Amino acid sequence: MPAVSTPHGRGTADPGGISGTDGTFRILHVSTGNVCRSPLTERLTRHALAERLGDGRSGGIVVESAGTWGHEGAPMEEHAAEVLLELGADPEGFRGRELLDEHVIRADLVLTATRDHRAQVVSMGHSAGLRTFTLKEFTRLVKAIDAATLPDAGSAQGVVERANALVQAAAALRGWLLAPSPEADEIYDPYGAPIPYFRSVGEEINKALEPVVTALTGVPARMHPHM
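About the criteria used
Residues numbered from 1 in each chain as written. Predicted model: local features only at pLDDT ≥ 70, side-chain atom pairs only at ≥ 80, totals over all residues. Heavy atoms only, no water. Helix = DSSP H or I, 4+ residues; strand = E, 2+ residues; numbered from the N terminus. Buried < 20%, exposed > 50% of the residue type's maximum accessible area, 1.4 Å probe, protein only. Contact = heavy atoms within 4.5 Å. Salt bridge = Lys/Arg side-chain N within 4 Å of Asp/Glu carboxyl O. Pairing = 2+ DSSP bridges. Axes fitted to C-alpha atoms, helices over the stretch in contact; angles between N-to-C directions. Expected span 1.5 Å × (residues − 1). Parallel < 35°, antiparallel > 145°, perpendicular 65-115°, else oblique. Core = buried A, V, L, I, M, F, W, Y, C linked by side-chain atoms within 4.5 Å.

Caption draft 1: Structural view of the overall build of the protein. The helix and strand tally for the protein stands at seven helices and four strands. For the protein, the sequential pattern of α-helices and β-strands runs β-α-β-α-α-β-α-β-α-α-α. Expressed as a percentage of the 227 residues in the protein, the buried residues total 52%. Restricting the contact set of the protein to residue pairs at least 6 apart, pairs at least 24 apart contribute 76%.

Structure follows, in structure tokens:
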């Protein structure tokens with residue numbers, strides 16, 4: 001599959017509707033209970049963005065999470081918090097949220113743990129279909145996009161413009177670049193499993209996030225012992 005180019009800027013097909021009007025780009029991670037997979041993905045994304053952009057900056061990107069059966073106000077699962085610390089990210093202050101319409105409306109990109117979560121988000125409406133992917137699906141699509149055609153990410157506004165262009169390009173590719181199997185787009189729930197399984201899920205999420213954060217920021221990852 002050849003690399004796909006995308007026009008600079010948001011263009012006329014802004015999949016986020018009203019999103020981005022405050023100068024930010026919002027990523028919403030969705031799982032079931034919002035105590036394991038989506039907290040891991042939220043905090044690993046924040047950590048990776050700050051690491052690439054330096055000085056704890058997010059480049060105008062706001063990263064949040066929620067659950068389709070979210071445990072409102074619940075702390076992160078202990079094993080998930082432990083894995084985050086092992087991967088260098090910060091689990092502090094997390095509280096679970098139930099997925100609400102307003103979360104989907106405000107999100108410029110929704111990344112879900114499974115295809116079922118994706119279907120649930122899309123079924124909520126709000127023109128969510130063009131900006132909702134499973135995490136692994138989005139990773140696969142991003143890898144096929146020619147990063148040189150994306151807007152420059154040299155400023156916070158540049159990062160936001162680049163992120164919006166990336167989502168549009170991925171949405172355009174979706175029907176052409178299919179998964180080798182349905183299971184390839186799934187991140188399975190570690191809830192109730194021992195810590196080694198949580199570690200494998202954490203590494204799985206980290207691996208999927210790496211090309212996404214690279215594409216968002218234009219900055220490649222520095223190598224770490226756990227990578």
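Now that the structure has been shown, we can carry on.
Caption draft 2: The pattern of salt bridges, seen in detail. Throughout the structure, instances matching the rule amount to twelve salt bridges. Note that R115 is salt-bridged to E186, the shortest N-O span being 2.9 Å. Of this pair, R115 sits in helix α4 (residues 115-123) while E186 is found in the loop between α6 (156-173) and α7 (195-217), placing the two residues 71 residues apart along the sequence. We classify R115 as partly exposed; its relative accessible area is 33%. Note on E186: relative accessible area 9%, which makes it buried. Notably, a salt bridge pairs R140 with D185, separated by 2.6 Å at the nearest N-O pair. Here the residue R140 occupies a position in helix α5 (residues 135-142), and D185 occupies one in the loop between α6 and α7, the gap between them amounting to 45 residues. For the residue pair R140 and D185, the accessibility class agrees, reading buried in each case.

Caption draft 3: Expanded view of the sheet that holds strand β3 (residues 109-112). The four strands are arranged β2-β1-β3-β4 in an open sheet whose pairing can be described as parallel. The strands lining the two open edges of the sheet, one partner per strand, are β2 (61-67) and β4 (132-134). Across the sheet, the mean angle from the axis of one strand to that of its neighbour is 25°, orientation sign disregarded. Two strands pair when backbone bridges link them, and β3 and β4 are joined in this way by three bridges, in the parallel orientation. The residue bridging V110 from the neighbouring strand is T132, located in β4. Together, β3 and β4 form the strand contacts of α5, whose direction differs from that of β4 by roughly 95°.

Caption draft 4: Broad picture of α7. Under the 1.5 Å per step criterion, the end-to-end length of α7 is 31 Å for 23 residues, consistent within 8% with the ideal 33 Å. Just beyond α7, the residue with positive phi is G218, at close to 75°.

Caption draft 5: Inspection of the packing of α6 against α7 at higher detail. With their axes 8 Å apart at the nearest point, α6 and α7 run at an angle of 125° to one another. In terms of orientation, α6 and α7 fall into the oblique class. The segment α6 lies against α7, with V159, R162, A163 and L166 engaging T214, A215, L216 and T217.

Caption draft 6: Examining the nonpolar core more closely. The biggest cluster of nonpolar side chains holds 54 residues, and the ones touching the most others in it are F25, I61, L109, F133, F138, L166 and I205. Among the elements of the structure, β1 (25-31), α1 (37-53), β2, α2 (78-86), β3, α5, α6 and α7 are those that each provide at least two residues to this core. With sequence-adjacent residues up to four places away left out, I205 is seen in contact with R37, L40, T41, L44, L135 and I187. L28, V30, L99 and V121 belong to the second largest nonpolar core, which has nine residues in total.

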